[in-house]
Amino acid sequence: MDFNLTEEHLMIQQAARDFAQNELLPGVIERDEKQIFPTEQIKKMGQLGFMGMMVDPKYGGSGLDTTSYVIAMEEISKVDASASVVMSVNNSLVCWGLQAFGTEEQKQKYLPGLASGEIHGAFCLSEPEAGSDATSQKTSGIDMGDHYLVNGTKNWITNGNTASVYIVIVQTHAEKKHKGINALIMTKDMPGFSVGPKEQKMGIRGSDTHSLMFSDVKVPKENRIGEDGFGFKFAMKTLAGGRIGIASQALGIASGAYELALKYSKERKAFGTEICNHQAIAFKLADMAVNIEAARHLCMKAAWDKDQHNNYDVSGAMAKLFASQVAMDTAVEAVQIHGGNGYVKEYHVERFMRDAKITQIYEGTSEIQKIVISRAVIAG
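As the structure is a prediction and not an experimental result, all values here were calculated from the model. (Residues numbered from 1 in each chain as written. Predicted model: local features only at pLDDT ≥ 70, side-chain atom pairs only at ≥ 80, totals over all residues. Heavy atoms only, no water.)

Novice: How would you explain the overall build of the protein if you had to name every residue and give the values?
Specialist: Within the protein, the secondary structure is distributed over 11 helices and 10 strands. Against the compact-globule benchmark of 21 Å for 380 residues, the protein has a radius of gyration of 21 Å, which places it among compact chains. Dimensions of the protein, computed from the C-alpha atoms along their principal axes, are close to 80 × 45 × 40 Å. Counting all 380 residues of the protein, 54% fall into the buried class. Look at the contacts in the protein between residues 6 or more apart in sequence, and 73% of them connect residues 24 or more apart. A total accessible area of about 16,600 Å² is found for the protein, and carbon and sulfur atoms account for 54% of it. (Helix = DSSP H or I, 4+ residues; strand = E, 2+ residues; numbered from the N terminus. Rg over C-alpha atoms; globule rule 2.2 N^0.38 Å. Buried < 20%, exposed > 50% of the residue type's maximum accessible area, 1.4 Å probe, protein only. Contact = heavy atoms within 4.5 Å. Areas by Shrake-Rupley, 256 points an atom, 1.4 Å probe, with all protein chains shown as cover.)

Here you go:
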């Protein structure tokens, strides 16, 4: 058991940290306030290899391990969670899903652009009546022989308007229930594909969240991922890895808030000394440090399981459940340590608090993670 990062991991960490500080930090408050998508920053992330970290180099990816991805996600999320969720969806859900289960033709067609950051993707599962209950898909895909005719609506889609490639989960055989679900690759230029207004969100406001509507969209059969009826299993397997990405995002939000709170506590004086010297503040910092370190180990363990080809359903769920709670708790305490300044945008911590909440909701709520974990624990 070796807790040291490799030289390669340390280089990735430094590259991600430098990028976050030099490219993401400038303008992050304005992008949040005005809901500006970080277009240029995402392109640069692609050029640095952050948009296709685990993609095989033969498809234009970086060919790195999941540990590298966790490290980079934490550093990016320390500064801008809106940028990191774009990175997470593209890496964990779109690129990984295509590479693991797509045909050779699909990989060659879509992965090079996605991995380079030239384009990015979206993963479309949630619906008005199918959030945590992913089996209740109402978006339909009627089998028309050489194509599917797709109708329905998807909600809360990250990269909803800016994506070029969409993996859409549809019900093609309702009588088969979850075994009748398929995953289809769609593009925005398909007739009948429309994008709803941007959602007005509490946090991750720089990310691009929309509803998508499909009206008699013709999707060729060759755009189906896997065998007929593989869609639900595809979604669950893909989300299991996605949870490692979101756990890492939560870890980064917590780390970013903690670092700002620690710095501020050493500068702000009250009652004749820096506030870090008061036990009330010092103990908050101690709790933050312990919880963040524990969350980091859970994220790294889940990444290790994935890289070792172990089952990572439970370790990923544990990482997401715990790290998302740590993100929320740490961000709230960071605001508290900043006092009145914490309530002001220029000090950043109020943004971390708003951004943290979504990590307990998307890619499986905390309650769903507890279902996954408890079933595994009880089954032994």
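What follows continues from the structure just given.
Novice: Outline the pairing of strand β4 (residues 165–171), supporting the account with residue identities and numerical values.
Specialist: Across the seven residues of β4, seven count as buried, placing the element largely inside the fold. Residues of β4 alternate between two faces, with V165, I167, I169 and Q171 on one and Y166, V168 and V170 on the opposite face, all of them buried. Here β4 runs beside strand β5 (residues 181–186); their pairing, made up of six bridges, is antiparallel. Bridged to Q171 within β5 is I181. (Pairing = 2+ DSSP bridges.)

Novice: Quick rundown of the nonpolar core? Include the residues and the values.
Specialist: M45, I76, M87 and L98 are the most contacted members of the largest nonpolar core, which totals 88 residues. For this core, the element with the most residues is helix α7 (residues 231–267), which contributes 16 residues. With 17 residues, the next largest nonpolar core counts A122, C124, L184 and V219 among its residues. (Core = buried A, V, L, I, M, F, W, Y, C linked by side-chain atoms within 4.5 Å.)

Novice: Can you lay out the packing of helix α9 (residues 313–338) against helix α10 (residues 349–356) for me, pointing to particular residues and giving the numbers?
Specialist: Viewed as axis vectors pointing N to C, α9 and α10 meet at an angle of 160°, and their least axial separation amounts to 8 Å. Taken together, the axes of α9 and α10 lie roughly antiparallel to each other. The interaxial crossing formed by α9 with α10 has left-handed handedness. Contact residues: A327, M328, A331, V332, A334, V335 and H338 in α9; V349, E350, F352, M353 and A356 in α10. Broken down by class, the residue content of the contact of α9 with α10 amounts to 10 nonpolar, one polar and one charged. (Axes fitted to C-alpha atoms, helices over the stretch in contact; angles between N-to-C directions. Parallel < 35°, antiparallel > 145°, perpendicular 65-115°, else oblique. Left-handed = near helix turned anticlockwise from the far one by under 90°. Nonpolar A, V, L, I, M, F, W, Y, C, P; charged D, E, K, R; others polar.)

Novice: Report on the pattern of salt bridges, specifying residues and quantitative values.
Specialist: Enumeration according to the criterion identifies 18 salt bridges in this entry. In this structure, K284 engages E333 in a salt bridge whose closest nitrogen and oxygen atoms are separated by 3.1 Å. Taken together, the positions of K284 in helix α8 (residues 279–307) and E333 in helix α9 put the pair 49 residues apart, joining distant regions of the chain. Under the relative-accessibility criterion, K284 is labelled partly exposed at 22%. Judged by relative accessible area, which is 26%, E333 ranks as partly exposed. We note a salt bridge from R354 to E350, for which the minimum N-O separation is 2.8 Å. Here the residue R354 and the residue E350 both occupy positions in helix α10, the gap between them amounting to four residues, near one helical turn. Across the pair, E350 and R354 agree in class, each one buried. Connected through shared salt-bridge partners, R17, E75, K78 and E259 make up one network. (Salt bridge = Lys/Arg side-chain N within 4 Å of Asp/Glu carboxyl O.)

Novice: How would you sum up the UniProt feature "domain: Acyl-CoA dehydrogenase/oxidase N-terminal" (unreviewed entry) in the protein? Please name residues and give values.
Specialist: Taking the UniProt record as the reference, the feature "domain: Acyl-CoA dehydrogenase/oxidase N-terminal" (unreviewed entry) is found at residues 6–118. What you have in residues 6–118 is 71% helix and 0% strand, and the ends, taken at the C-alpha atoms, are 29 Å apart. (UniProt positions renumbered as here; feature names shortened; annotations may be inferred.)

Novice: Can you tell me about the packing of α8 against α9, naming the residues and giving the values?
Specialist: Between α8 and α9, the least distance of the axes is 9 Å, while the angle of their chain directions is 155°. Taken as axis vectors, α8 and α9 run roughly antiparallel relative to one another. For the crossing formed where α8 meets α9, the hand is left-handed. Of the residues in α9, those touching α8 at I281, K284, L285, M288, N291, I292, A294, A295, L298, C299, A302 and D305 are S315, G316, M318, A319, F322, A323, V326, T330, E333, A334, Q336 and I337. Looking at the contact of α8 with α9, its residues break down into 16 nonpolar, five polar and three charged.

Novice: Report on helix α5 (residues 81–101), specifying residues and quantitative values.
Specialist: A rise of 1.5 Å per residue sets the reference length of α5, with its 21 residues, at 30 Å; its end C-alpha atoms lie 28 Å apart and thus fit the reference within 8%. Where α5 bends most, the angle comes to about 30°, and this point is C95. With 18 of 21 residues buried, α5 is to be regarded as a mostly interior element. The distance from a side-chain oxygen at the start of α5 to the backbone nitrogen of S82 is 3.0 Å, and the residue carrying that oxygen is D80. (Expected span 1.5 Å × (residues − 1). Bend = angle between axes of the 7 residues up to and from the residue. Polar contact = N/O pair within 3.5 Å; in protein donor to acceptor, adjacent residues only side chain to side chain.)

Novice: Give a description of the packing of aromatic side chains that names residues and reports values.
Specialist: For any two aromatic rings, the description comes down to two numbers: the centre-to-centre distance and the angle of the planes. Scanning all chains against the criterion turns up eight aromatic pairs. Through successive ring pairs, a cluster of aromatic residues spans W96, F101, F123, F230 and F234. Between the NZ or CZ atom of K221 and the centre of the ring of Y148, over which it lies, the distance is 5.2 Å. (Phe/Tyr/Trp six-rings, centres within 6.5 Å; stacked < 30°, edge-to-face > 60°. Lys NZ or Arg CZ within 6 Å of the ring centre and 35° of its normal.)

Novice: Go over the environment of E367 with me, naming the residues and quoting the values.
Specialist: Position of E367 relative to the elements: it lies in helix α11 (residues 366–379). Classification of E367 as exposed rests on a relative accessible area of 55%.

Novice: Just give me the short version of the side chain of S92, but keep the residues and values in it.
Specialist: Checked against the element boundaries, S92 lands in helix α5. Setting aside anything within four residues of it in sequence, one finds S92 in contact with Y69, G97, T238, G241, G242 and G245.

Novice: Let's hear about the state of the cysteines: which residues, and what values?
Specialist: Each disulfide consists of one covalent bond between the sulfur atoms belonging to two cysteines. Enumeration according to the criterion identifies zero disulfides in this entry. C95 supplies the cysteine sulfur nearest to C124, a cysteine that is in no disulfide, at a spacing of 14 Å. (Disulfide = S-S within 2.5 Å.)

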